[in-house]
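Reading the structure
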Amino acid sequence: MKVARLHGLGDVRVGEAPDPVPGDGQSLVRVTAVGLCGSDLHWFGEGGIGDAQLTDPLVLGHEMAGVVQGGEHDGRRVAIDPAWPCGHCEDCLDGNRNLCRTVRFAGHGTNDGGLRELMAWPDHLLHPVPATLTDADVAMLEPLGVALHAHDLARPRAAETVAVVGCGPIGLCLVQLARITGAAQVVAVEPLEHRRAAAASMGADVVLDPADPGALAALLEATGGRGVDVAFEVAGNDAAVAFAVHAAAPGAQVILAGIPGQDTTAFPAAVARRKGLTLKLSRRMKEMYPRTTRLVERGLVDVRSVVSHTYGLDEVAEAFRVADARVGLKVVVEPNA
């Protein structure tokens with residue numbers, strides 16, 4: 001089979017590898033679509049994330065769709081859950097599978113991901129999807145799940161005001177989730193013009209460029225001088241965190257979902273303390289696939305419009321270049337196209 005491996009900074013190569021052999025409780029899956037995530041770009045451009053660093057060539061990709069090959073469910077289209085938790089530690093048993101300390105995560109550390117034609121994966125992590133969803137739609141269920149988990153952490157009440165700081169694919173999903181769950185006002189904050197336009201088309205009431213010196217004043221004016229009840233930071237940099245803190249109303253919540261490139265996060269402590277803010281850090285997601293599938297199948301969240309570029313596996317280097325340049329929204333690779 002063909003496989004794309006990251007060999008070093010910016011060095012993704014397509015080569016050949018033996019077809020995987022499923023173990024007990026696993027199925028062979030033909031990978032049909034893989035979305036390139038911001039975390040993949042950390043591996044591509046920085047050689048890792050936090051204390052997980054590239055030591056050997058790694059197959060990236062964890063936003064995955066596929067078709068089961070052989071066995072009882074031959075031909076079944078599935079979303080492939082990239083997180084393989086142990087299932088028996090205290091965190092898993094408490095329902096926090098996303099916090100499992102021994103989780104195996106596709107495309108991270110030493111665990112190969114989906115940028116290959118075939119993969120063997122546990123059956124219980126293969127979620128059936130309806131025929132109405134395209135392969136790219138199915139790959140987008142994972143970033144939508146990350147957005148949904150962050151939204152769950154905030155537990156916003158109906159008619160509250162929400163800001164989304166950083167409108168990449170996950171931020172755009174959060175804009176839509178805020179809208180369909182009854183936010184009175186959704187403010188999108190994003191430096192790239194095409195992403196601001198996407199946020200507006202997906203339901204943001206106010207769209208701001210954080211580079212504009214008047215952006216924070218405009219947000220406060222739009223919220224009656226109070227600020228927002230919930231601020232989601234999805235950019236992964238200190239400037240976005242600071243904007244979220246300043247945008248938040250007294251007693252508000254700030255949910256940090258972005259991954260910082262340098263594994264550190266700083267925020268204006270005096271402002272956060274005076275406001276009595278609650279800061280929560282969001283890590284990946286829990287059991288979200290049934291919910292995200294329903295959201296997309298019923299047309300409540302539009303993930304199809306988030307996909308801007310599609311490439312074959314032989315074009316994976318160009319796919320990473322485009323994704324890293326942030327010239328579009330979501331880049332999808334189709335390993336079997």
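No experiment lies behind these values; they were computed from the predicted model shown. (Residues numbered from 1 in each chain as written. Predicted model: local features only at pLDDT ≥ 70, side-chain atom pairs only at ≥ 80, totals over all residues. Heavy atoms only, no water.)

On to the overall build of the protein chain, then. A tally of regular secondary structure across the protein chain gives eleven helices and 19 strands. Computed over its C-alpha atoms, the radius of gyration of the protein chain comes to 20 Å, within 12% of the 20 Å expected for a compact globule of 337 residues. Oriented by its inertia axes, the alpha-carbon framework of the protein chain measures out at about 60 × 40 × 35 Å. The buried share among the 337 residues of the protein chain stands at 54%. Contacts spanning at least 24 positions in sequence make up 69% of the contacts within the protein chain whose residues lie at least 6 apart. On the protein chain, the mean spot of the 30 positive side-chain charges and the mean spot of the 41 negative ones are 6 Å from each other. (Helix = DSSP H or I, 4+ residues; strand = E, 2+ residues; numbered from the N terminus. Rg over C-alpha atoms; globule rule 2.2 N^0.38 Å. Buried < 20%, exposed > 50% of the residue type's maximum accessible area, 1.4 Å probe, protein only. Contact = heavy atoms within 4.5 Å. Lys, Arg positive; Asp, Glu negative; His and termini not counted. Charge placed at Lys NZ, Arg CZ, Asp CG, Glu CD.)

So, on to the domain arrangement of the protein chain. The parts lose accessible area when they come together, and the size of an interface is often stated as this lost area. Domain boundaries in the protein chain define domain 1 (2–128 + 303–334) and domain 2 (146–281). Spacing between the C-alpha centres of domain 1 and domain 2 amounts to 28 Å. Listed per partner, the contact involves 13 residues of domain 1 and twelve residues of domain 2. Summing both sides of the interface, domain 1 and domain 2 together bury roughly 1,100 Å²; the carbon and sulfur share of this comes to 69%. Counting the surface domain 1 buries against domain 2, the share from its top three residues, Val-306, Arg-326 and Leu-329, is 42%. Our count for the contact surface shared by domain 1 and domain 2 stands at zero salt bridges. (Domains from an automatic or database assignment. Buried area = accessible area lost by both parts, 1.4 Å probe. Salt bridge = Lys/Arg side-chain N within 4 Å of Asp/Glu carboxyl O.)

Running from amino to carboxyl end, helix α4 (residues 141–154) crosses helix α5 (residues 169–180) at an angle of 55°, the nearest separation of the two axes being 9 Å. In this view, α4 runs oblique relative to α5, as classed from their interaxial angle. For the pair α4 and α5, the crossing hand works out as right-handed. Contacts between α4 and α5 involve Pro-143, Leu-144, Val-146, Ala-147, Leu-148 and His-151 on the former and, on the latter, Ile-170, Cys-173, Leu-174, Leu-177 and Ala-178. Across the contact of α4 with α5, the residue classes break down as ten nonpolar, one polar and no charged. (Axes fitted to C-alpha atoms, helices over the stretch in contact; angles between N-to-C directions. Parallel < 35°, antiparallel > 145°, perpendicular 65-115°, else oblique. Left-handed = near helix turned anticlockwise from the far one by under 90°. Nonpolar A, V, L, I, M, F, W, Y, C, P; charged D, E, K, R; others polar.)

Another aspect to go through is the UniProt feature "domain: Alcohol dehydrogenase-like N-terminal" (unreviewed entry) in the protein chain. Feature annotation in UniProt places "domain: Alcohol dehydrogenase-like N-terminal" (unreviewed entry) on residues 23–130, given in this structure's numbering. As a span, residues 23–130 carries 12% helix and 34% strand, and end to end its C-alpha atoms are 27 Å apart. (UniProt positions renumbered as here; feature names shortened; annotations may be inferred.)

To continue, consider the pattern of salt bridges. In the structure shown here, the tally under the stated rule is 15 salt bridges. Salt-bridge contacts for Glu-160 lead to Arg-157; the nearest nitrogen and oxygen are separated by 3.2 Å. Residue Glu-160 is classed as buried on the basis of its relative accessible area, which comes to 13%. In this structure Arg-157 comes out as exposed when scored by relative accessible area, which is 61%.

Turning our eyes to something else, we now look at the sheet that holds strand β15 (residues 228–233). Reading across from one edge, β14-β13-β12-β15-β16-β17 is the order of the six strands in this open sheet, with parallel pairing throughout. Only two strands of the sheet have a single neighbouring strand rather than two, namely β14 (206–208) and β17 (278–281). Put simply, the sheet's adjacent strands are angled 15° from each other on average, direction ignored. With respect to the sheet, α4 is in contact with β15, β16 (248–256) and β17, its orientation differing from that of β16 by roughly 150°. (Pairing = 2+ DSSP bridges.)

Ranked by size, the top nonpolar core spans 49 residues in total, and within it Leu-141, Leu-144, Val-164, Leu-172 and Phe-232 carry the most contacts. If you list the elements that add at least two residues to this core, you get α3 (135–139), α4, β12 (161–165), α5, β13 (185–189), α6 (193–201), β15 and α10 (289–297). The residues that make up this core include at least three from each of domain 1 (2–128 + 303–334) and domain 2 (146–281). If near-sequence neighbours (up to four positions away) are discounted, Leu-172 is found in contact with Cys-167, Arg-195, Ala-198, Ala-199, Met-202, Val-306 and Leu-329. (Core = buried A, V, L, I, M, F, W, Y, C linked by side-chain atoms within 4.5 Å.)

Let's shift gears to the UniProt feature "domain: Alcohol dehydrogenase-like C-terminal" (unreviewed entry) in the protein chain. The residues that UniProt annotates with the feature "domain: Alcohol dehydrogenase-like C-terminal" (unreviewed entry) are residues 169–296. Between the C-alpha atoms that bound residues 169–296 the distance is 14 Å, and the span itself is 42% helix and 21% strand.

This part is about unusual backbone geometry. Although it is not a glycine, Ala-159 adopts a positive phi angle of roughly 75°. The residue Ala-159 is located in the loop between α4 and β12 in this model. A relative accessible area of 55% places Ala-159 in the exposed class. For Arg-326, which is not a glycine, the phi torsion comes out positive at approximately 55°. As for its position among the elements, Arg-326 is in the loop between α11 (316–325) and β19 (330–334).

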